[in-house]
Amino acid sequence: MSANTTKPAPGRTGPVPGAPLLEVDDLFVEFRTRDGVAKVLNGVSYRVEAGETLAVLGESGSGKSVTAQTIMGILDMPPGVITGGEIRFHGENLLRASTNRRREVRGSGIAMIFQDALSALNPVFTVGFQIEEQLRVRRGMSRKDARKRAIELLDLVKIPNPKGRVRQYPHEFSGGMRQRAMIAMSLALDPEMLIADEPTTALDVTVQAQIMDLLKEIQVERHMGLILITHDLGVVAEVADRIAVMYAGRIVEQSDAISLYRRPGHPYTQALLDSLPRLDLKGTELNTIKGLPPSLINIPSGCPFHPRCPRVQDVCKTEVPAQHRPAPGRLSACHFAEELLSGE
């Protein structure tokens with residue numbers, strides 16, 4: 001299926017009653033560059049229900065943000081090209097929706113918080129103006145009503161003195177306050193699904209906890225679906241219902257959060273957990289994952305993780321492990337997932 005088309009699908013379009021809030025189904029994305037074709041996403045699938053939090057984990061370059069950009073319809077084309085799969089919102093395949101329909105869903109149906117608020121916010125306009133603009137354009141509000149609503153949103157995300165702050169520029173906000181302003185912007189059109197792309201990047205630990213608590217509070221209050229993209233397992237430990245772990249453009253493991261932390265079903269997940277600092281190991285050297293993530297232009301044969309895997313066997317070097325269910329509610333792309341879960 002070509003990703004570049006903006007023609008609607010033939011037949012009935014629109015939401016399907018009873019369908020999950022969001023489904024990403026067997027999604028493939030390539031970046032066609034001078035150096036070659038980078039296979040950035042290789043069959044990514046997950047789903048999110050209303051009120052549920054899915055954390056998507058993985059090292060930089062694993063495809064987490066590209067998946068989010070594809071869902072939002074903001075993937076750069078070229079060089080990005082969607083070569084297969086579907087993205088369904090309430091059962092409607094957004095990849096085959098018209099440009100106007102995608103624009104309608106973006107913001108009011110699915111909204112996104114970008115990881116670098118300083119870059120995402122326009123430095124030449126006040127924070128208030130940037131929140132108000134979408135309210136005037138998309139909701140037809142007057143300037144007065146839009147300003148009132150912008151102040152309410154800044155107050156909702158716990159920015160002190162929202163009436164004064166609404167007139168200030170992004171550079172006058174601290175890092176944590178800019179991230180709160182980004183959250184306010186994303187909530188302006190009352191979305192049903194929120195994608196937070198590393199919302200705590202470059203923030204100190206205290207502010208990270210405040211932002212995560214704020215996101216959880218708003219999600220529960222509005223019964224939104226939430227996709228939390230991060231590389232930090234420690235950040236999501238208390239907020240995620242389910243976790244999807246990505247490596248080299250694939251989902252290598254999916255599980256409920258408690259089961260995954262208790263016993264991972266993929267060596268890569270285990271390696272991520274082992275690299276977390278622990279109070280009971282004070283004074284010891286931190287564990288690291290040997291080697292580097294693979295080049296997406298030249299992904300290794302077999303399991304992409306095999307050059308770095310401490311449990312590698314001959315089969316790992318030649319056969320790509322299929323995603324299977326080694327236990328109820330668990331999904332793993334490892335030849336030896338059953339042994340991992342059994343503790344062998």
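Reading guide: rules and limits
- Residues numbered from 1 in each chain as written.
- Predicted model: local features only at pLDDT ≥ 70, side-chain atom pairs only at ≥ 80, totals over all residues.
- Heavy atoms only, no water.
- UniProt positions renumbered as here; feature names shortened; annotations may be inferred.
- Disulfide = S-S within 2.5 Å.
- Buried < 20%, exposed > 50% of the residue type's maximum accessible area, 1.4 Å probe, protein only.
- Pairing = 2+ DSSP bridges.
- Helix = DSSP H or I, 4+ residues; strand = E, 2+ residues; numbered from the N terminus.
- Contact = heavy atoms within 4.5 Å.
- Axes fitted to C-alpha atoms, helices over the stretch in contact; angles between N-to-C directions.
- pLDDT = per-residue confidence, 0-100.
- Polar contact = N/O pair within 3.5 Å; in protein donor to acceptor, adjacent residues only side chain to side chain.
- Core = buried A, V, L, I, M, F, W, Y, C linked by side-chain atoms within 4.5 Å.
- Salt bridge = Lys/Arg side-chain N within 4 Å of Asp/Glu carboxyl O.
- Parallel < 35°, antiparallel > 145°, perpendicular 65-115°, else oblique.
- Left-handed = near helix turned anticlockwise from the far one by under 90°.
- Nonpolar A, V, L, I, M, F, W, Y, C, P; charged D, E, K, R; others polar.

As annotated in an unreviewed UniProt entry, the protein chain carries the name Oligopeptide transport system ATP-binding protein and comes from Actinokineospora auranticolor. As stated in UniProt under Subcellular location (unreviewed entry), the record for the protein chain gives "Cell membrane".

### Considerations on the state of the cysteines
Summed over the entire model, instances satisfying the criterion amount to 0 disulfides. Left unpaired, C303 is separated from the closest cysteine sulfur, that of C316, by 6.2 Å. A relative accessible area of 10% places C303 in the buried class. Between C316, a free cysteine, and C309, which holds the nearest cysteine sulfur, the sulfur-to-sulfur gap is 6.2 Å.

### Some remarks on the sheet that holds strand β8 (residues 225-230)
The 7 strands lie next to each other as β6-β7-β8-β3-β9-β10-β11, forming an open sheet whose pairing is mixed. Looking at which strands have only one partner, the edges of the open sheet turn out to be β6 (110-113) and β11 (331-332). By the bridge criterion, 6 bridges tie strand β9 (residues 242-247) to strand β10 (residues 250-256) in an arrangement that is antiparallel. Bridge assignment links I243 to a residue of β10, and that residue is S255. The sheet contacts of helix α11 (residues 267-274) involve β9 and β10, and relative to β9 the element is tilted by about 105°.

### Focus: the sheet that holds strand β4 (residues 80-89)
Strands sit in the order β2-β1-β4-β5 across an open sheet of 4 strands; the sheet is antiparallel. Of all the strands in the sheet, the pair left with one neighbour each is β2 (36-48) and β5 (92-93). Across 10 bridges, the pairing between strand β1 (residues 22-33) and β2 is antiparallel. Directly across from L22, in β2, lies its bridge partner V48. Running over the sheet, helix α1 (residues 64-72) touches β1, β2 and β4 and is turned about 70° from β2.

### Some details on the confidence of the model for the protein chain
When the pLDDT values of the protein chain are averaged, the result is 91; 96% of them are 70 or greater. Across residues 1-12, where pLDDT falls below 50, the model places 23 contacts with residues more than four positions away in sequence or in other chains.

### Notes on the environment of R222
Among the secondary structure elements, R222 is positioned in helix α8 (residues 205-222). Overall, R222 belongs to the partly exposed group, its relative accessible area being 24%. With 199 residues separating them in the primary sequence, R222 and E23 have C-alpha atoms 20 Å apart. Within the local environment of R222, its side chain forms a polar contact with the backbone oxygen of L187, the two atoms lying 3.4 Å apart. Here D190 takes part through its side chain, which lies 3.1 Å from a polar atom of the side chain of R222.

### Describing the nonpolar core
In this structure, Y46, I110, I131 and I227 are the most contacted members of the largest nonpolar core, which totals 93 residues. Every residue in contact with I227, bar those within four places of it in the chain, is listed here: L22, Y46, V48, L54, V56, I71, M193, L194, I195 and A196.

### What to know about the pattern of salt bridges
Throughout the structure, instances matching the rule amount to 16 salt bridges. Salt-bridge contacts for E59 lead to R308; the nearest nitrogen and oxygen are separated by 3.0 Å. Of this pair, E59 sits in the loop between β3 (53-57) and α1 while R308 is found in the loop between α11 and α12 (314-318), placing the two residues 249 residues apart along the sequence. Residue classification places R308 among the buried positions, given a relative accessible area of 8%. D190 is the partner of R149 in a salt bridge, and the nearest nitrogen-oxygen pair spans 4.0 Å. With R149 in helix α5 (residues 143-156) and D190 in the loop between α7 (175-187) and β7 (193-197), this residue pair connects regions lying 41 residues apart in the sequence. One network of salt bridges, with partners in common, ties together E23, D25, E86 and R88.

### Some remarks on unusual backbone geometry
The backbone of K158 sits at a positive phi, close to 65°, despite the residue not being glycine. Tracing the sequence through the fold places K158 in the loop between α5 and α6 (162-165). Here the phi dihedral of N161 falls at roughly 50°; this positive angle occurs in a residue that is not glycine. Within the secondary structure layout, N161 lies in the loop between α5 and α6. Relative accessible area serves as the criterion here: at 53%, N161 is assigned to the exposed category.

### A few points about the side chain of S62
When you line up the elements, S62 lands in the loop between β3 and α1. Reaching out from S62, the side chain makes a polar contact with the backbone oxygen of E59 at a distance of 2.9 Å. Apart from the residues within four sequence positions on either side, S62 is in contact with V40, M246, Y247, A248 and G249.

### Considering the packing of α7 against α8
The description of two helices packed together rests on the angle between their axes and the distance between the axes. α8 packs onto α7 with a crossing angle of 15° between their chain directions and a minimal axis gap of 10 Å. Compared by their axis directions, α7 and α8 come out roughly parallel. When you trace α7 past α8, the crossing you get is right-handed. In this structure, α7 uses G176, Q179, R180, I183 and L187 to contact α8, whose residues at the interface are V207, Q210, I211, L214, L215, I218 and R222. A per-class count over the contact of α7 with α8 returns 7 nonpolar, 3 polar and 2 charged.

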